[in-house]
Amino acid sequence: MTTSTAILGARSLAKRYGAGIALNNVDLDVFPGESVAIMGASGSGKTTLLHTLAGITAPDSGTVNYAGTDVTALNETQRSKLRRESFGFVFQSGLLVPELTAIENVALALMLNGVSRRDAEGQAAAWLAHLGLAGMESRRIGELSGGQAQRVAIARAQVTGARIVFADEPTGALDSHTSADVMGALLDATAGRGHTLVLVTHDPTVAARCSRTLYMHDGVLSPVAPARPALAPQGNPAAGTTFLPQAGPAPQEQNWAGRP
Ligand code: ADP
Ligand code: MG
């Protein structure tokens with residue numbers, strides 16, 4: 001592959017909430033087969049960006065183009081159809097229906113697109129098995145571990161054949177071992193099949209597994225990590241939003257120092 005067309009393109013995205021700026025003139029091109037990590041402090045606009053790219057949130061101005069469709073020009077019904085048919089979602093939690101079993105949760109994504117229950121459950125079972133959940137099809141979500149539930153969410157996000165998966169802190173509630181496991185499954189199920197992953201994470205070890213990392217800082221998206229908070233004046237409230245958590249070890253410090 002020498003040339004490639006972006007599957008997702010954002011131009012000059014802006015979004016305010018009251019006086020706060022969540023997105024400040026964001027441009028982004030995402031290519032098929034990429035896995036793009038978006039990092040940044042809490043409140044920096046990561047979720048707003050993900051939701052705007054995915055047609056969940058409408059920007060105040062700017063455009064999002066998905067495979068030739070101007071998502072921002074669609075009405076809510078059209079956007080909802082696009083999300084159901086073309087996009088998959090994996091969030092930290094809360095996307096699965098707790099009253100339903102694993103297989104029902106996955107099959108539901110297909111049934112909402114008009115696939116019969118029988119066919120939907122067949123495809124759902126295959127995805128669950130592919131993700132190591134054979135034998136757990138009939139468990140309700142509460143009867144699964146956090147990592148297993150996230151695998152169900154991955155199956156649900158990909159059973160429809162969605163070409164892009166949007167993931168918001170998909171490993172945020174998991175221990176580091178399970179996180180690595182789930183991240184491997186998510187990458188296999190998306191970029192590993194030529195599909196695209198756009199992922200928000202606080203975790204540099206998760207971001208390091210993606211093909212590219214971008215950084216949000218006060219609504220501005222940049223390929224360059226903001227200065228590390230340790231370099232900011234100590235105890236100066238005007239130093240503003242910090243980037244890495246202050247407590248705990250600084251994992252993979254070389255990733256920060258080594259950014260261009
Ligand atoms: P992140 O995901 O990086 O933590 P968000 O995108 O959730 O950041 O939020 C960015 C900014 O926009 C924050 O200041 C947040 O308080 C504000 N914000 C986000 N969603 C809303 C909303 N629905 N109503 C008001 N303010 C919001
Ligand atoms: Mg968020």
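Description of the structure in this document. (Residues numbered from 1 in each chain as written. Chains lettered and ligands numbered in written order. Predicted model: local features only at pLDDT ≥ 70, side-chain atom pairs only at ≥ 80, totals over all residues. Heavy atoms only, no water.)

### Here we look at unusual backbone geometry
- Positive phi values are uncommon outside glycine, yet Asn25 reaches one of about 60°.
- Positionally, Asn25 belongs in strand E2 (residues 20-30).
- The backbone phi angle of Asp218 is positive, close to 50°, even though this residue is not glycine.
- Within the element layout of this structure, Asp218 appears in the loop between strand E9 (212-217) and strand E10 (220-222). (Helix = DSSP H or I, 4+ residues; strand = E, 2+ residues; numbered from the N terminus.)

### Some words on the pattern of salt bridges
- Tallied over the full model, the rule gives 8 salt bridges.
- Between Asp60 and Lys15 there is a salt bridge, and its shortest N-O distance comes to 3.9 Å. Taken together, the residues Asp60 in the loop between helix H1 (46-53) and strand E4 (61-66) and Lys15 in strand E1 (residues 8-17) connect sequence positions 45 residues apart.
- Lys15 sits in the buried class, given a relative accessible area of 13%. (Salt bridge = Lys/Arg side-chain N within 4 Å of Asp/Glu carboxyl O. Buried < 20%, exposed > 50% of the residue type's maximum accessible area, 1.4 Å probe, protein only.)

### Topic: the sheet that holds E1
- With antiparallel pairing, 4 strands are arranged side by side in an open sheet as E2-E1-E4-E5. Every other strand in the sheet has two partners, leaving E2 and strand E5 (69-70) as the edge strands with one partner each.
- Two elements, E4 and E5, share 2 bridges in a ladder whose sense is antiparallel. Looking at the pairing, Tyr66 lines up with Thr69 of E5.
- Relative to the sheet, H1 contacts E1, E2 and E4, its axis offset from that of E1 by approximately 130°. (Pairing = 2+ DSSP bridges. Contact = heavy atoms within 4.5 Å. Axes fitted to C-alpha atoms, helices over the stretch in contact; angles between N-to-C directions.)

### Let's talk about the site of ligand 1
- Close contacts around ligand 1 come from Tyr17, Ala22, Ala41, Ser42, Gly43, Ser44, Gly45, Lys46, Thr47 and Thr48, and that covers them all.
- For ligand 1, an oxygen atom lies 2.7 Å from a polar atom in the backbone of Gly43.
- Thr48 places a polar side-chain atom, nitrogen or oxygen, 2.5 Å from an oxygen atom of ligand 1.
- At 3 residues, the largest contribution of residues to the shell around ligand 1 is made by H1.
- Here the residues of the shell around ligand 1 sort into 3 nonpolar, 6 polar and 1 charged. (Near = heavy atom within 4 Å. Polar contact = N/O pair within 3.5 Å; in protein donor to acceptor, adjacent residues only side chain to side chain. Nonpolar A, V, L, I, M, F, W, Y, C, P; charged D, E, K, R; others polar.)

### As for the sheet that holds strand E6 (residues 87-91)
- Strand order in this open sheet of 6 strands is E6-E7-E8-E3-E9-E10, and the pairing throughout is mixed. Across the chains shown, the open sheet's two edge strands, defined by having one partner strand only, are E6 and E10. In this sheet, adjacent strand axes meet at a mean angle of 20° when their direction is disregarded.
- In this structure, strand E3 (residues 35-40) lies alongside strand E8 (residues 196-200), joined through 4 bridges in parallel fashion. Residue pairing in the sheet places Ser35 in a bridge with Leu197 of E8.
- Relative to the sheet, H1 contacts E3, E6, strand E7 (164-168), E8, E9 and E10, its axis offset from that of E7 by approximately 160°.
- Against the sheet, helix H2 (residues 76-86) contacts E6 and E7, and its axis sits at roughly 80° relative to E6.

### Brief notes about the side chain of Asp168
- By the secondary structure assignment, Asp168 is in strand E7.
- Buried charged residue Asp168 carries no salt bridge. Nearest counter-charge: Lys46, at 6.8 Å.
- What Asp168 contacts, discounting residues up to four positions off in sequence, is Thr47, Leu50, Val90, Phe91, Gln92 and Val200. (Lys, Arg positive; Asp, Glu negative; His and termini not counted.)

### Focus on the packing of helix H5 (residues 146-158) against helix H6 (residues 176-189)
- Where H5 contacts H6, the two axes come as close as 10 Å, and the packing angle between them is 10°. For the element pair H5 / H6, the angle class is roughly parallel. Seen from H5, the contacting residues are Gly147, Gln150, Arg151, Ile154 and Gln158; seen from H6, they are Thr178, Asp181, Val182, Ala185, Leu186 and Ala189. (Parallel < 35°, antiparallel > 145°, perpendicular 65-115°, else oblique.)

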